[in-house]
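# Results of the structural survey
Okay, here's what each chain looks like letter by letter:
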Amino acid sequence: MRVLGVDPGLTRCGVGVVEGVAGRPLTMLGVGVVRTPADADIGMRLVGIERGIEEWIDRFSPELVAVERVFSQHNVRTVMGTAQASAVAMLCASRRGIPVALHTPSEVKAAVTGSGRADKAQVGTMVTRLLRLAEPPKPADAADALALAICHIWRAPAQNRLQQAVAAQNRLQEAAARHASAVKGRIR
């Protein structure tokens, strides 16, 4: 599985591509940051992020895009910018029919380091080890994007099994309801 991880941000949007399957060594195919000037108009910044993400999708042809789920912070302005960059990443993938998965920061940290409260340095260190890199990717946004991709690759098999179990349970409940309705109709 080839996953493009996106750590959304207006000034620095981390991007990283990881390939592999759960239980096997993973390979980093690319890592970087899409940057926009802080003093530029918001619309132009979003266009810049779109162009950057489109270039990454063109270059690496990911099977899935994993984006950090935006969560409430104290700074509403930061949350808005992150949400806008996140939406651009989801739009770029969806426009091409590429599935999108959202992962919370604590979920990503727990998957990569074993602790949902790990700091950026711990995430960078583990990404470096897991991908067998010579040094941690810089800036931290780039390492976070790789961590998102790793998290998805590792969690996708379990998530797929859960989705299949829920779908099977729904089919079973629908069949039971149809059966009960048919029995009720024969009793009348």
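Quick caveat: nothing in here was measured; it's all calculated off a predicted structure.

Thresholds, definitions, all that
Residues numbered from 1 in each chain as written. Predicted model: local features only at pLDDT ≥ 70, side-chain atom pairs only at ≥ 80, totals over all residues. Heavy atoms only, no water. Disulfide = S-S within 2.5 Å. Buried < 20%, exposed > 50% of the residue type's maximum accessible area, 1.4 Å probe, protein only. Helix = DSSP H or I, 4+ residues; strand = E, 2+ residues; numbered from the N terminus. Pairing = 2+ DSSP bridges.

### Some details on the state of the cysteines
Inspection of the entire model under this criterion finds zero disulfides. Counting only cysteine sulfurs, Cys 13 is the nearest neighbor of Cys 92, a cysteine outside any disulfide, at a range of 9.3 Å.

### As for the pairing of strand S4 (residues 64-68)
Burial within S4 is extensive, with five of its five residues counted as buried. Residue alternation in S4 divides its side chains into two sets, Leu 64, Ala 66 and Glu 68 and Val 65 and Val 67, and both sets are buried. Two elements, strand S1 (residues 2-7) and S4, share four bridges in a ladder whose sense is parallel. Counted as the bridge partner of Val 3 is Leu 64 from S4. As paired elements, S4 and strand S5 (residues 100-103) share four bridges and run parallel to each other.

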